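Commentary on secondary and tertiary structure
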Amino acid sequence: MEQQIITMSTPETRNKPNILITGSPGTGKSTLGQQVADSLGFDFIEIGKEVRENNLYGEFDEQYNCHVLDEDKLLDHISDRMDSDDGGVVVDYHGCDLFPERWFDIVVVLRCSTEKLFDRLQARGYSEFKIKENVECEIFGSLLEEAKESYKEEIVHELQSETPEEMEENLEKICELARAINDEKAMDQ
Ligand SMILES: Nc1ncnc2c1ncn2[C@@H]1O[C@H](COP(=O)(O)OP(=O)(O)O)[C@@H](O)[C@H]1O
């Protein structure tokens, strides 16, 4: 039988860092994620888009009236890119405990006031039920807690994202963190 060689990159073996941008829906993940990827010349995986375009769905959820994500299908679908020794991938998703810990060097949790989040989700045309759920998720800091439970605390960065100025500062900060990791790797070689 032919043996399949599976490579699994880790922060130690990757050439460039992988970055996860997480947070409640509406906190600005996809906007910032695209900017970070453009600035660093990294690939951008917007998980929601990837799921829609590749039909990575499982069962139908009656309560939410939509198909739910099939996590195994998603992980299989992106594993080649995430396990590549090249690295340099920015991922945006409103969850983080489904991914293998080894995939990320930097984890950013975006935060936003409930008032601003409410307005952003309303502008998106979300139902009252969906807005309430997402705003509650932000009030409880659920994503920050999930990130701290799933990754080493020193790689988790909580960033406020309420104004265009903060978005700019966050872009700078994340690019700096990525460059610092690249510099460290260059010194080790
Ligand atoms: N820091 C910010 N300042 C002002 N507007 C923002 C900021 N972050 C996000 N937005 C706006 O909020 C909306 C939701 O952003 P988006 O990136 O789609 O969020 P997410 O990907 O987390 O759901 C967009 O209209 C975006 O322009």
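Residues numbered from 1 in each chain as written. Predicted model: local features only at pLDDT ≥ 70, side-chain atom pairs only at ≥ 80, totals over all residues. Heavy atoms only, no water.

We apply this condition: UniProt positions are given in the numbering used here, feature names are shortened, and annotations may be inferred rather than shown by experiment.
Per an unreviewed UniProt entry, the protein chain is named Adenylate kinase isoenzyme 6 homolog, and its organism is Caenorhabditis japonica. According to UniProt, the comment filed for the protein chain under the heading Sequence similarities (unreviewed entry) is "Belongs to the adenylate kinase family. AK6 subfamily." Looking at the Subunit (unreviewed entry) heading of the UniProt record, one finds this comment for the protein chain: "Monomer and homodimer. Interacts with small ribosomal subunit protein uS11. Not a structural component of 43S pre-ribosomes, but transiently interacts with them by binding to uS11."

**Things to note about the overall build of the protein chain**
Short version of the rule: Counting from the N terminus, the helices are the DSSP runs of H or I reaching at least four residues and the strands are the DSSP runs of E reaching at least two. What the globule rule says is 2.2 Å times the number of residues to the power 0.38, and the radius of gyration is computed from C-alpha atoms. The buried label goes to any residue with under 20% of its type's maximum accessible area, the exposed label to any with over 50%, and the partly exposed label to all in between, with areas taken from a 1.4 Å probe on protein chains only.
When you go through the protein chain residue by residue, the secondary structure sums to seven helices and seven strands. Ordered by position in the sequence, the α and β elements of the protein chain form the string β-α-β-α-β-β-α-β-β-α-α-α-β-α. Since a compact globule built from 189 residues should have a radius of gyration of about 16 Å, the 17 Å found for the protein chain is in line with a globular shape. Summarising its shape, the C-alpha atoms of the protein chain cover approximately 50 × 50 × 30 Å along the three principal directions. The buried share among the 189 residues of the protein chain stands at 42%.

**Digging into the pattern of salt bridges**
We apply this condition: Salt bridges are identified by distance alone: a Lys or Arg side-chain nitrogen within 4 Å of an Asp or Glu carboxyl oxygen.
One pass over the structure, following the stated rule, counts seven salt bridges. Between Asp 86 and Lys 16 there is a salt bridge whose closest N-O contact spans 3.8 Å. You can see Asp 86 sitting in the loop between helix H3 (71-82) and strand S5 (89-92) and its partner Lys 16 sitting in the segment before strand S1 (19-23), a full 70 residues away along the chain. Since its relative accessible area comes to 40%, Asp 86 is described here as partly exposed. Residue classification places Lys 16 among the partly exposed residues on the basis of a relative accessible area of 27%. We note a salt bridge from Glu 158 to Arg 111, for which the minimum N-O separation is 3.0 Å. One end of the pair, Glu 158, is in strand S7 (residues 156-160); the other, Arg 111, is in strand S6 (residues 106-111), and 47 residues separate them in sequence. The exposure class of Glu 158 is partly exposed, given its relative accessible area of 43%. By relative accessible area, which is 14% here, Arg 111 ends up buried. Each of Arg 111, Glu 138 and Glu 158 takes part in a single network of salt bridges with overlapping partners.

**Comments concerning the UniProt feature "binding site: ATP" (unreviewed entry) in the protein chain**
We apply this condition: Residue contacts are defined here by distance: any two heavy atoms, one from each residue, within 4.5 Å place the two residues in contact.
Under the UniProt annotation, the feature "binding site: ATP" (unreviewed entry) is placed at Gly 26, Gly 28, Lys 29, Ser 30, Thr 31 and Arg 124. By secondary structure assignment, the location of Thr 31 is in helix H1 (residues 29-40). Take Thr 31: its relative accessible area is 40%, and that puts it in the partly exposed class. By relative accessible area, Arg 124 is classed as partly exposed at 47%. Those residues in contact with Arg 124 that lie beyond four places of it in its chain are Pro 25 and Gly 26.

**Some points on helix H7 (residues 164-188)**
Filter applied, for reference: Helix span, as expected, comes to 1.5 Å for every residue beyond the first.
Helix length check: H7 (25 residues) gives 37 Å between terminal C-alpha atoms against 36 Å at 1.5 Å per residue, within 8%. Considered for burial, the residues of H7 that qualify are Met 167, Asn 170, Leu 171, Ile 174, Cys 175, Ala 178 and Lys 185. On its buried face, H7 is in contact with S1, H1, S6 and S7.

**Looking at the environment of Glu 115**
Among the secondary structure elements, Glu 115 is positioned in helix H4 (residues 114-123). Here Glu 115 falls in the exposed class, since its relative accessible area comes to 53%. Counting along the chain gives 20 residues from Glu 115 to Val 135, while the straight-line C-alpha distance between them is 8.8 Å.

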